[in-house]
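Chain residues, written in single-letter form:
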Amino acid sequence: MLFPQFRSVLVERVFTECGVVHIVARTLDGTASCPDCELPSSHVHSCYEGRLADTPVGGQPVVIALTVRRLYCDNALCGRRTFVEQVAGLTFRCGRRTPASRRVLMVVAVALAGRAGARLAAVLQTRASRTTLLRAIMAVPDPLWAVPEVLGVDDFATRRGHHYGTVLIDCEPGRPLDPLPGRDASTLAGWLREHPGAEIICRDRAGSYADGARTGAPNAIQVADRFHLWQNLGTAVEATVRLHSTCLKTAFTSSDDPTSDGDSADATKTMSPIEARIRERHATIHALLAQGHGIREIARELHMGGNTVRRNARAAVPEQLLTGRR
């Protein structure tokens, strides 16, 4: 055979059926070592046939029907009584694929993961479900890494609004290093104490990360990354434009219609129903607050949620509530 993995087995026949290449083979007679005590044994207990999926040949999937032996372990001190012989490069314990096919699936899984990887594997004539690919990713060992000079710190949500974590990144190659549970200062400070060596910590503008970096790595320089700087600038500009949206609408209406005096009636005509409802609700809530009513009382009176009333109460002007398309 041309394939090195078949040197230690006897190939009995090869045939094609329904577009699938079938290889019937069996292991050679001889000794095999116990996986626990490594004592060679040739005492046969039984034989059985296993089916292995191999890499495709000529665009056709390959299935290997391999007959292997179950042997007795002759070592009385060993806890294993029987074991199945393994063929190097062809089988591994509890495996239904050859190592070559497993490597192909691992590469596809790391590149595309679940459903997308399953579709590519079908094109490669190596069918696998999305859960199989996800298990292949979980079986990949974590790469070895050292604490980088420039360490990136940011948060991520496992369930938005409820559960958050912290991800640590090597900023130079942009490679993630380690996820941490939670996003408080003590979690980051504990990790920095256990992994010293970071000279620059690139973080967002959250106060908890600043305290954690200051406690865990007092000699490190803290910098803000460009993404969060642009994000904060965009948020500030958006808030400013939102506060002056009425002025912009008045100027826009006046420039289009020279006869318009820019009064509130013309502004109301150009107002969308959602915006009108938000402004009316804001005015009603602030009128009730001025009369001395509390948040809960207003929520019961207007049949609104407490958070909605509280958000309207914190907004000094209705423009602060107008976001997005509004």
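Above: the structure in question.
What counts and how
- Residues numbered from 1 in each chain as written.
- Predicted model: local features only at pLDDT ≥ 70, side-chain atom pairs only at ≥ 80, totals over all residues.
- Heavy atoms only, no water.
- Helix = DSSP H or I, 4+ residues; strand = E, 2+ residues; numbered from the N terminus.
- Buried < 20%, exposed > 50% of the residue type's maximum accessible area, 1.4 Å probe, protein only.
- Contact = heavy atoms within 4.5 Å.
- Areas by Shrake-Rupley, 256 points an atom, 1.4 Å probe, with all protein chains shown as cover.
- Core = buried A, V, L, I, M, F, W, Y, C linked by side-chain atoms within 4.5 Å.
- Pairing = 2+ DSSP bridges.
- Axes fitted to C-alpha atoms, helices over the stretch in contact; angles between N-to-C directions.
- Salt bridge = Lys/Arg side-chain N within 4 Å of Asp/Glu carboxyl O.
- Disulfide = S-S within 2.5 Å.
- Parallel < 35°, antiparallel > 145°, perpendicular 65-115°, else oblique.
- Left-handed = near helix turned anticlockwise from the far one by under 90°.
- Nonpolar A, V, L, I, M, F, W, Y, C, P; charged D, E, K, R; others polar.
- Polar contact = N/O pair within 3.5 Å; in protein donor to acceptor, adjacent residues only side chain to side chain.

Let's talk about the overall build of the protein chain
Phase 1 of the analysis: For the protein chain, the helix and strand inventory stands at 11 helices and 12 strands.
Phase 2 of the analysis: Looking at the protein chain as a whole, 29% of its 326 residues qualify as buried.
Phase 3 of the analysis: Taking the contacts inside the protein chain whose residues are at least 6 apart along the sequence as the reference set, 47% of them involve residues at least 24 apart.
Phase 4 of the analysis: Accessible area of the protein chain: about 20,900 Å², with a carbon and sulfur share of 55%.

A word on the nonpolar core
Phase 1 of the analysis: Ranked by internal contacts, the top residues of the largest apolar core, which has 14 residues, are Leu151, Val153, Leu168, Leu188, Trp191, Leu192 and Ile201.
Phase 2 of the analysis: Listed by contribution, the elements that provide at least two residues to this core are strand S8 (150–159), strand S10 (175–181), helix H4 (185–194) and helix H5 (207–216).
Phase 3 of the analysis: At 3 residues, the largest contribution of residues to this core is made by H4.
Phase 4 of the analysis: For Leu151, the contacting residues outside a window of four places in its chain are Leu168, Ile169, Cys171, Leu177, Trp191, Leu192, Ala198, Ile200, Ile201 and Cys202.
Phase 5 of the analysis: The next biggest cluster of nonpolar side chains, apart from the first, holds 12 residues, and it includes Ile23, Leu52, Val62 and Ile64.

Some details on the sheet that holds strand S11 (residues 200–203)
Phase 1 of the analysis: Ordered in space as S10-S9-S8-S11-S12, the 5 strands form an open sheet in which the pairing is mixed. Pairing within the sheet leaves two strands with one partner each, and these edge strands are S10 and strand S12 (221–224). The sheet shows a mean angle of 30° between the axes of neighbouring strands, taken without regard to direction.
Phase 2 of the analysis: Here 4 bridges tie S11 to S12, and the two strands are oriented parallel to one another. Its bridge partner lying in S12, Arg203 is registered against Ala224.

Observations regarding the pattern of salt bridges
Phase 1 of the analysis: Per the counting criterion, the structure on display carries 7 salt bridges.
Phase 2 of the analysis: Note that Glu85 is salt-bridged to Arg69, the shortest N-O span being 2.9 Å. With Glu85 in the loop between strand S7 (82–84) and helix H1 (99–112) and Arg69 in strand S6 (residues 60–72), the pair connects residues that are 16 residues apart, well separated along the chain. A single burial state applies to Glu85 and to Arg69, both of which are buried.
Phase 3 of the analysis: Notably, a salt bridge pairs Asp155 with Arg183, separated by 2.8 Å at the nearest N-O pair. With Asp155 in strand S8 and Arg183 in the loop between S10 and H4, this residue pair connects regions lying 28 residues apart in the sequence.
Phase 4 of the analysis: Given the relative accessible area of 27%, Asp155 is considered partly exposed.

Examining the state of the cysteines
Phase 1 of the analysis: The full count for this structure, using the stated rule, is 0 disulfides.
Phase 2 of the analysis: Sulfur of Cys202: no disulfide; nearest cysteine sulfur belongs to Cys171 and is 4.8 Å away.
Phase 3 of the analysis: Using a relative accessible area of 13% as the deciding quantity, one classes Cys202 as buried.

Looking at the packing of H4 against H5
Each pair of packed helices can be summarised by the angle the axes make with each other and by the distance between the axes.
Phase 1 of the analysis: The interhelical angle for the contact between H4 and H5, taken along N-to-C directions, is 30°, at an axis separation of 8 Å. Comparing their axes, H5 and H4 come out roughly parallel. As for the relative orientation of H4 and H5, their crossing is right-handed in sense. Here Ala185, Leu188, Ala189, Leu192 and Arg193 of H4 come into contact with H5, specifically with Ser208, Tyr209, Asp211, Gly212, Ala213, Thr215 and Gly216.
Phase 2 of the analysis: Classifying every residue of the contact of H4 with H5 gives 6 nonpolar, 4 polar and 2 charged.

Examining unusual backbone geometry
Phase 1 of the analysis: At Ala113, a position not held by glycine, the phi torsion is positive, near 65°.
Phase 2 of the analysis: On the secondary structure map, Ala113 appears in the loop between H1 and helix H2 (114–123).
Phase 3 of the analysis: The backbone phi angle of Gln125 is positive, close to 60°, even though this residue is not glycine.
Phase 4 of the analysis: Tracing the backbone shows Gln125 in the loop between H2 and helix H3 (130–139).

Quick look at the side chain of Arg69
Phase 1 of the analysis: With a relative accessible area of 8%, Arg69 lands in the buried category.
Phase 2 of the analysis: At 3.0 Å, the side chain of Arg69 forms a polar contact with the backbone oxygen of Gly30.
Phase 3 of the analysis: Only 2.9 Å separates the side chain of Arg69 from the side chain of Glu85, close enough to count as a polar contact.

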